[in-house]
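Reading the structure
What follows is the residue order along each chain.
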Amino acid sequence: MQQPSLLTSWTLEPLQLAPIVLVAVAYAVRARTLARRGQPVPSWRIALFALGVVLLLVAVASPVAAVAEEELFSFHMVQHLLLGDLAPLCLLAGLTGPLLRPLLALPGVMRLRVLANPFVALPIWAANLALWHLPALYEASVRNDAVHALQHVAFFTAGIVLWLPVLETLPAPEWFGTGAKLAYIVGVRLVGTVLANVFVWAGEPFYDVYDAGGEYLGLSPDADQSLAGSLMMLEGSLVTVVAIAWLFLRMAQEGEIRQRLLESGHDARTVRRAVRYRRWQELAP
């Protein structure tokens, strides 16, 4: 079998591309409707959502997917980081309440708020990450298209759940403020770092599926696995730095506004809730 090319091996499968295109079109139509009503979606949110769509396309259709499925664990790791972390983060960051209003009005949707509880979200994400990297499940996903599709859906769904409490696309518990979000991000990255170090320092490859085809790009299975763990740590570190910087800026802003509102004579509990849910504009100055 011919080895995939890093330039030409695009995988344009309609069953993979159709859901992505459908979501992108639905977002564009809803954003246009809101703009006509005088409620335009901020351009930075549109840009983030578009970036999320692009990352999904790279994960499932670009040569990254072909090399991941046929040759290298490190490329498979890149694919999973795109599907399970970066794309969900960008897509959620691109959403607003008005954009989601038609979905939130559907029966039963608000019951999904339970997924915005960090004590639910973190175990779901961590269990999904660990289980799919067990040799039996991982090798089944490489050898069987149906299992592979299920794996991708699971990674993407777990990624959405992971970021829900932080971005609060659905409201998180009242106690889960900015400081608690910082601790949550640290906990998430500790889990990821542990798994990444397992791959970096294992000393021998875990997955036999990458032994049969020989070396690709000069990488032995052992070096390929170490590279996969290193990429996992690098991506996690970069995302963590950005997330922590953003949360620290939020904490500084919230502290300043909380003090100003209290000095203006507002009730402490009212101020706490307004700042927690970032609705201080509703309070009179």
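Our structure is the block above this text.
In what follows, the accompanying structure is described. (Residues numbered from 1 in each chain as written. Predicted model: local features only at pLDDT ≥ 70, side-chain atom pairs only at ≥ 80, totals over all residues. Heavy atoms only, no water.)

**Things to note about the packing of aromatic side chains**
Test applied: For Phe, Tyr and Trp, rings pair up if their centres lie within 6.5 Å, where Trp contributes its six-membered ring, and each pair is then called stacked (planes under 30 degrees apart), edge-to-face (over 60) or tilted (otherwise). Numbering of helices and strands runs from the N terminus, with a helix taken as a DSSP run of H or I at least four residues long and a strand as a DSSP run of E at least two residues long. Burial status follows relative accessibility: with a 1.4 Å probe on protein chains alone, a residue under 20% of its type maximum counts as buried, one over 50% as exposed, and anything between as partly exposed. Lysine NZ or arginine CZ positioned within 6 Å of the ring centre and within 35 degrees of the ring normal marks a charge as sitting over the ring.
Summed over all chains, the structure comprises 11 aromatic pairs. Both rings, one in Phe73 and one in Tyr138, keep their centres 5.4 Å apart while their planes meet at 85°; by these two values the pair is edge-to-face. Highlighted residues: Phe73 in helix α4 (residues 73-93) and Tyr138 in helix α7 (residues 135-143), separated in sequence by 65 residues. Each member of the pair, Phe73 as well as Tyr138, is classed as buried. Among the aromatic residues, those joined into a cluster by ring pairs are Phe73, Tyr138, Phe199, Phe206 and Tyr207. The ring of Tyr277 has Arg276 sitting right over it, with the charged end atom 4.6 Å from the ring centre.

**A short note on a nonpolar patch on the surface**
How we decide: To count toward a patch, a residue needs a relative accessible area above 30% and no salt bridge. Like charges then connect within 9 Å, nonpolar side chains (Val, Leu, Ile, Met, Phe, Trp, Tyr) within 5 Å. With residues, only the protein chains shown are counted as cover, and all accessible areas are computed by Shrake-Rupley using a 1.4 Å probe. One speaks of a salt bridge when a side-chain nitrogen belonging to Lys or Arg is within 4 Å of a carboxyl oxygen belonging to Asp or Glu.
Residues Val21, Val25 and Val29 make up a contiguous nonpolar surface patch of about 240 Å² in total accessible area. For Val29, the position within the fold is in helix α1 (residues 14-36).

**Re helix α8 (residues 145-167)**
Note the cut-off: Expected helix span is given by 1.5 Å per residue-to-residue step, counting one fewer step than there are residues. Definition of a polar contact: a pair of N or O atoms within 3.5 Å, with one able to donate and the other able to accept a hydrogen when the atoms are protein atoms, and with sequence-neighbouring residues admitted only if both atoms are side-chain atoms.
Its 23 residues place the ends of α8 33 Å apart at the C-alpha level, agreeing with the 33 Å of an ideal helix rising 1.5 Å per residue. The distance from a side-chain oxygen at the start of α8 to the backbone nitrogen of Ala146 is 2.9 Å, and the residue carrying that oxygen is Asn144.

**So, the pattern of salt bridges**
Opposite charge on two side chains permits pairing when their charged atoms draw close. Tallied over the entire structure, the rule returns eight salt bridges. Residues Glu254 and Arg250 are paired through a salt bridge, measuring 3.8 Å at the closest nitrogen-oxygen approach. Placement of both Glu254 and Arg250 in helix α10 (residues 221-263) is noted, with a separation of four residues, approximately one turn of the helix. Take Glu254 and Arg250: they sit in the same class, and that class is buried. A single salt-bridge network, built from bridges that share partners, covers Glu168, Lys181 and Arg276.

**Notes on the side chain of Gln151**
Here is the rule: Contact criterion: two residues are considered in contact whenever any of their non-hydrogen atoms come within 4.5 Å of each other.
In this fold, Gln151 is placed in helix α8. Once residues lying within four places of it in the same chain are set aside, the contact partners of Gln151 are His76, His80, Trp132, Tyr138 and Ser141.

**Overview of the packing of helix α2 (residues 43-61) against α4**
To be explicit about the condition: Angles run from 0 to 180 degrees between N-to-C directions of axes, and those axes are lines fitted to C-alpha atoms, restricted for helices to the stretch in contact. Oblique is the label for any angle not covered by the other classes, which are roughly parallel (under 35 degrees), roughly antiparallel (over 145) and roughly perpendicular (65 to 115). Crossing handedness is defined as follows: a turn of the near helix away from the far one that is anticlockwise and smaller than a right angle gives a left-handed crossing, while the clockwise case is right-handed. The classification used treats Ala, Val, Leu, Ile, Met, Phe, Trp, Tyr, Cys and Pro as nonpolar, Asp, Glu, Lys and Arg as charged, and all other residues, Gly among them, as polar.
At their nearest, the axes of α2 and α4 sit 7 Å apart, and the two run at 160° to each other. One finds that α2 runs roughly antiparallel with respect to α4. Where α2 crosses over α4, the two elements pack in a sense that is left-handed. Taken together, the residues of α4 that come into contact with α2 (itself represented by Trp44, Arg45, Leu48, Phe49, Leu51, Gly52, Val53, Leu55, Leu56, Val58, Ala59 and Val60) are Gln79, Leu82, Leu83, Leu86, Ala87, Cys90, Leu91 and Ala93. Residues of the contact of α2 with α4, tallied by class, amount to 17 nonpolar, two polar and one charged.

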